[in-house]
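# Report on the structure
The chain contents come next:
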Amino acid sequence: MKIGIVCYPTFGGSGVLATELGIALSDKGYEVHFITYEQPVRLSQGFHPNIYFHEVKVPAYPLFDFPPYETALASTMVNVIVNQQLDILHLHYAIPHASAAYFARQILKKTGRDIPFITTLHGTDITLVGKDATYEPVVTFSINESDAITAVSNNLREETLHSFKIEKPIHVIPNFVDVKRFYQTDKNHFKQMLAPDGERIMVHVSNFRRVKRVPDVIDVFAQVKNALPAKLLMIGDGPERQNVEEKARCMGLYNDVRFLGKQEQISEILSIADLFILPSETESFGLSALEAMACSVPVISTNAGGLPEININGVTGYLSDVGDTQSMAKHAIHILSDDSRLAQFKKAAIEQAKQFEKQHVIPQYEQLYAEVIAAYQHAGSATTANG
Ligand code: GMT
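Residues numbered from 1 in each chain as written. Predicted model: local features only at pLDDT ≥ 70, side-chain atom pairs only at ≥ 80, totals over all residues. Heavy atoms only, no water.

## A few points about empty space enclosed by the protein
Counted by the stated rule, this structure contains one cavity of 30 Å³ or more. Reported here for the largest cavity is a volume of approximately 40 Å³. Lining the largest cavity are I81, L89, A101, A104, R105, L108, I115, P116 and F117. Of all the elements, helix α3 (residues 94-109) adds the most residues to the lining of the largest cavity, at four residues. (1 Å grid on protein atoms, 1.4 Å probe; cavity = no way out; pocket = protein on both sides within 12 Å on 5 of 7 lines; lining within 4 Å. Points joined across faces, edges and corners; volume = space filled by probe spheres on them. Helix = DSSP H or I, 4+ residues; strand = E, 2+ residues; numbered from the N terminus.)

Now the structure itself:
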């Protein structure tokens, strides 16, 4: 089977998941074609013979204040589908991928070369951006035009049904982790450098958007540091980074907080962490928290969105209300202040991550692809027979 994957190539969760899916599928012998404007970050970590990358180029032109990415994407889809003879297109993040796919398919229908497409909803395409009136009609239409729809958590499925008029079933296929790549390795030399006096290490990973409430990480850390020796590693970059760095400086924490920027070898950093913190306003799943758990790191998070589906309160970490940094700090101190309790939470974290191992999840996508292709071919032959 030849599968086209359309995603954002950045460090954002939807692009990371799409890339991990493509790698897992290629390992199983499928031919995978990524269609996006840059090589996805996680693809750069090794060569995969079954993976192809097709760059969407958007030429500049003096008339264009806003170069038409969606048009370029739809055209690239058409070219790749025809020339590579793809069987199915899998879109990650609805905007603008689902509408571009709809457009591409209308073009291909004229030549009888059209293929089915699946849209996977990831989070802010529904909870934030998608329901904005600027995009909503196109998002609703193009999701409904998809041959199958998946959401990464039960919560996101419910949110989608609540906010949009969806006329098809939404399959929940959770995010997954490759525990052969995400596991705790011995990085004690690295830990020694960052926490020379045996301080506990807290980690936050995100794209520093407002929705992540990154300043709350600093507030929680300040309270934890008052109670026990600790260091904080901040991984990622984005619009809030400068403010948050400034906040850490103003609070006199700068020597204990390291802003490491965007990092590709996340599992190495997670290997030295004692606690992961994710205080998001909304989070459809929290892939970064799952990857932390796979590296035996317990999680302090909010109870927003799909987070309670992966972070089990009192077992793999704790859940608090959005903005309740006191509760988050109290829970963090509870976990970090006792070696045997920390060990117990670490053990539970990895056990929970195993529930989301890739071998449990990839077959769900494979089955969906097979069903969608069969239904599409069946519908096509029925139309031909009748017409
Ligand atoms: O917000 C992000 O970190 C990126 C965003 C995206 O769509 O690229 O992530 C969303 O998709 C991830 C993968 O399915 C989920 O793990 C994240 O929870 C989700 N983010 C939000 O809902 C805010």
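Structure shown, so let's carry the discussion forward.
## Topic: the environment of Q85
The residue Q85 is located in the loop between α2 (69-84) and β4 (88-92) in this model. With a relative accessible area of 52%, Q85 lands in the exposed category. Sequence separation between Q85 and M1 is 84 residues; the distance between their C-alpha atoms is 9.7 Å. The contacts of Q85, once residues within four sequence positions are left out, are K2, V80 and R113. (Buried < 20%, exposed > 50% of the residue type's maximum accessible area, 1.4 Å probe, protein only. Contact = heavy atoms within 4.5 Å.)

## So, a nonpolar patch on the surface
On the surface, Y61, L63 and F64 cluster together into a nonpolar patch covering about 350 Å² of accessible area. The residue L63 is located in the loop between β3 (51-55) and α2 in this model. (Patch = residues over 30% accessible without salt bridge, like charges linked within 9 Å, V, L, I, M, F, W, Y side chains within 5 Å. Areas by Shrake-Rupley, 256 points an atom, 1.4 Å probe, with all protein chains shown as cover. Salt bridge = Lys/Arg side-chain N within 4 Å of Asp/Glu carboxyl O.)

## A closer look at the domain arrangement of the protein chain
The domain architecture assigned to the protein chain consists of domain 1 (2-176 + 358-386) and domain 2 (188-356). A straight line from the C-alpha centre of domain 1 to that of domain 2 covers 31 Å. At the junction of the two partners, domain 1 supplies 25 residues and domain 2 supplies 20 residues. Taken together, both faces of the contact between domain 1 and domain 2 bury some 1,600 Å²; the carbon and sulfur share is 54%. Where domain 1 touches domain 2, the interface holds one salt bridge. Between R42 and E291 there is a salt bridge; the shortest N-O distance is 2.9 Å. Where domain 1 touches domain 2, the interface holds six residue pairs in polar contact (both at pLDDT 80 or more). (Domains from an automatic or database assignment. Buried area = accessible area lost by both parts, 1.4 Å probe. Polar contact = N/O pair within 3.5 Å; in protein donor to acceptor, adjacent residues only side chain to side chain.)

## A look at the side chain of T150
Residue position: T150 is located in strand β6 (residues 148-151). With residues up to four places along the chain from it excluded, the contact list for T150 reads I118, T119, T120, L121, I170, H171, I173, Y365 and L368.

## As for the layout of surface pockets
Approximately 1,100 Å³ is the volume attributed to the largest pocket. Only α1 (13-27), α3, α4 (124-127), α10 (266-270) and α11 (287-294) provide two or more residues apiece to the lining of the largest pocket. Residue contributions to the lining of the largest pocket peak at four residues, all from α1. Of the residues contributing to the lining of the largest pocket, the split by class is 19 nonpolar, 21 polar and nine charged. (Nonpolar A, V, L, I, M, F, W, Y, C, P; charged D, E, K, R; others polar.)

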